[in-house]
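Okay, here's what each chain looks like letter by letter:
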There are 2 protein chains.
Amino acid sequence: MEENTNYTEILKREGMKSTKHRNAILLLLEQSEDPITAEELYISLKENTALINLSTVYRTLDIFVSKNLVIKSTMDDGKARYELNHHEHKHHLFCVGCHKVISIEDCPMGELQESLKKKIDFDVTGHKLEIYGYCHNCKKV
Amino acid sequence: MEENTNYTEILKREGMKSTKHRNAILLLLEQSEDPITAEELYISLKENTALINLSTVYRTLDIFVSKNLVIKSTMDDGKARYELNHHEHKHHLFCVGCHKVISIEDCPMGELQESLKKKIDFDVTGHKLEIYGYCHNCKKV
DNA sequence: ATGCAAATGCAAGGCGTTTGCAAGTAAGTT
DNA sequence: AACTTACTTGCAAACGCCTTGCATTTGCAT
Ligand SMILES: [Mn+2]
Ligand SMILES: [Mn+2]
Ligand SMILES: [Zn+2]
Ligand SMILES: [Zn+2]
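Residues numbered from 1 in each chain as written. Chains lettered and ligands numbered in written order. Predicted model: local features only at pLDDT ≥ 70, side-chain atom pairs only at ≥ 80, totals over all residues. Heavy atoms only, no water.

1. Considerations on the overall build of chain A
Counting its regular elements, chain A contains five helices and six strands. Element order for chain A, N to C, with α for helix and β for strand: α-α-β-α-α-β-β-β-β-α-β. For chain A, whose C-alpha radius of gyration is 18 Å, the value lies well above the compact-globule estimate of 14 Å for 141 residues. Counting only C-alpha atoms, chain A reaches 55 × 45 × 25 Å along its principal axes. When the 141 residues of chain A are sorted by exposure, 37% land in the buried category. Considering only residue pairs separated by 6 or more positions, chain A has 43% of its internal contacts joining residues 24 or more positions apart. Accessible area of chain A: about 8,800 Å², with a carbon and sulfur share of 49%. When the 19 positive and 22 negative side-chain charges of chain A are each reduced to one mean point, those points stand 3 Å apart. (Helix = DSSP H or I, 4+ residues; strand = E, 2+ residues; numbered from the N terminus. Rg over C-alpha atoms; globule rule 2.2 N^0.38 Å. Buried < 20%, exposed > 50% of the residue type's maximum accessible area, 1.4 Å probe, protein only. Contact = heavy atoms within 4.5 Å. Areas by Shrake-Rupley, 256 points an atom, 1.4 Å probe, with all protein chains shown as cover. Lys, Arg positive; Asp, Glu negative; His and termini not counted. Charge placed at Lys NZ, Arg CZ, Asp CG, Glu CD.)

What follows is the structure, given as structure tokens:
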């Protein structure tokens, strides 16, 4: 197959073969505004790009996650979502009024991390923070 | 069955029948230091208290959650953990080594909340913070 | 072009959780 | 205490998301 796009170099650099499926998945992830599930990827690929097996989607995503190309988040509905890793430390504000998502780069974890190390000998390697509230347009009356 | 403990009143107040299993589950949750899985509860009940079916454990926990007696947290290993709701503001440490979950009452959100209000006029109503890392026993060498 | 390791499709299985149904039980009524 | 009824439970089957074993196909180094 020779529809390989510009992702070929990234794949090579990470020691992966450049295949149609992998390029298509990276493209879809890049085009997606929000994190998406494996099945959403699978359906979108099937409809727009090329037949693919769901297990291939999972295997590909797993590899991308292990290479730190993709971030996997387990949500409360039991489905994992995947997004490209842009190597920024960011968090999201979810407006419970209009469902808008706002990205912020603020992070309040710094001091807590040290205090956890001292108090209970827990070495923090990462964290997940989601903030809920009302955006400017949806402020309570 | 008449091993009903002091939880009878709580159950009544919430409109639930007081049964052996429900009392036992509440007791176990109260005795547990950290949030535990349904299966851990199930095994502990089977060994120490009384035979019970795993589906009964799940059904009971679901009801407790719906009555706000219990807090359910979905973790990255795909298993939900349950703990008594003490109506405190708390967060969870998830050990990526042994998958133990530790509850903490520290919260670093205070200042960020005010700064978000000032900077982008966002009114925070809630947040979810999960912290990943290595517990005392799993520290890297 | 050839050869081999890596990637894929397919079907089956794993695992945590849920559900339908029949039997059992709590607790109010008589 | 016996009756009544709705709630609770055990059991087995099924669910949904995800993983895995194996035969086949493919990328890519030589
Ligand atoms: Mn952060
Ligand atoms: Mn908090
Ligand atoms: Zn809004
Ligand atoms: Zn640990």
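2. Looking at the coordination of the zinc ion (ligand 4)
All names here are of chain B. The protein atoms that coordinate the zinc ion (ligand 4) are C95 (SG), C98 (SG), C135 (SG) and C138 (SG), at distances of 2.2 to 2.4 Å. In this structure, the zinc ion (ligand 4) is surrounded by four donor atoms whose angles at the metal cover 101 to 114°, and the resulting shape is tetrahedral. Here the donor residues for the zinc ion (ligand 4) map to a single chain with the spacing C-x2-C-x36-C-x2-C. Here C95 is found in strand β4 (residues 91-95), whereas its partner C138 is found in the segment after β6 (123-134), with 43 residues between them in sequence. Residue classification places C138 among the partly exposed positions, given a relative accessible area of 21%. (Donors = N, O, S within 2.8 Å, 3.2 Å for Na, K, Ca; no water. Tetrahedral: all angles 85-135°; square planar, octahedral: opposite > 155°, others 65-115°.)

3. Looking at the side chain of B:R22
All names here are of chain B. Relative to the helices and strands, R22 resides in helix α2 (residues 20-31). With no salt bridge to any partner, buried R22 finds its closest opposite charge in E14, at an N-O distance of 11 Å. Leaving out residues up to four positions away in the same chain, R22 has contacts with L11, M16, K17, T60, I63 and F64. (Salt bridge = Lys/Arg side-chain N within 4 Å of Asp/Glu carboxyl O.)

4. Here we look at the packing of aromatic side chains
All names here are of chain B. By the definition in use, this model includes one aromatic pair over all chains. Here the aromatic rings of F94 and Y132 are separated by 5.9 Å at their centres, their planes lie at 80°, and the arrangement is edge-to-face. Here the residue F94 occupies a position in strand β4, and Y132 occupies one in strand β6, the gap between them amounting to 38 residues. Each of the two residues, F94 as well as Y132, counts as buried. (Phe/Tyr/Trp six-rings, centres within 6.5 Å; stacked < 30°, edge-to-face > 60°.)

5. Topic: helix α3 (residues 38-48) of chain B
Among all positions in α3(B), only B:A38, B:L41, B:Y42, B:S44 and B:L45 are buried. Packed against the buried residues of α3(B) are α2, β1 (36-37), α4 (54-66) and β3 (80-84) of chain B.

6. Details of helix α5 (residues 109-120) of chain A
The α-helix winds at 3.6 residues per turn, so residues separated by three or four positions along the chain end up facing the same way. All names here are of chain A. With twelve residues, α5 extends 16 Å between its outermost C-alpha atoms, agreeing within 8% with the 16 Å of an ideal straight helix rising 1.5 Å per residue. By the burial criterion, the buried members of α5 are M109, L112 and L116. In an axial view of α5, the angular spread of the buried residues amounts to 60°, which keeps them on one side of the axis. More than 90 degrees from the buried face of α5, the exposed residues found are E111, E114 and K118. Within two residues after α5, D121 carries a phi angle of roughly 55°, on the positive side. (Expected span 1.5 Å × (residues − 1). Arc of directions from axis to C-beta.)

7. Points about a negative patch on the surface
Where like charges cluster on the molecular surface, the negative patch consists of A:E111, A:E114, B:E111 and B:E114. Sorting the residues of the negative patch by element identifies α5 of chain A together with α5 (109-120) of chain B as the ones contributing at least two each. Mapped onto the secondary structure, A:E111 falls in helix α5. (Patch = residues over 30% accessible without salt bridge, like charges linked within 9 Å, V, L, I, M, F, W, Y side chains within 5 Å.)

8. Let's talk about the interface of chain B and chain A
With 34 residues of chain B in contact, the opposing surface of chain A contributes 34 residues. Summed over both partners, the interface of chain B with chain A comes to about 3,000 Å²; 60% of that surface belongs to carbon and sulfur atoms. On the chain B side of the contact with chain A, B:D121, B:F122 and B:K128 bury the most area, a combined 21% of that side's loss. The interface formed by chain B and chain A holds five salt bridges in total. Here A:D106 ties to B:K119 by a salt bridge, and the two come within 2.9 Å at their closest N and O atoms. Residue assignment for the side of chain B that touches chain A shows that the elements contributing at least two residues are β4, β5 (101-104), α5 and β6 of chain B. Broken down by element, the side of chain B that touches chain A gets its largest block of residues, twelve residues, from β6(B). Class assignment of the residues belonging to the side of chain B that touches chain A gives a composition of 18 nonpolar, seven polar and nine charged. With eleven bridges connecting them, strand β6 (residues 123-134) of chain A and β6(B) associate as antiparallel partners. Following the sheet pairing, A:E130 is matched in β6(B) by B:K128. (Buried area = accessible area lost by both parts, 1.4 Å probe. Nonpolar A, V, L, I, M, F, W, Y, C, P; charged D, E, K, R; others polar. Pairing = 2+ DSSP bridges.)

Everything listed here is a matter of geometry and, on its own, says nothing about what the molecule does.
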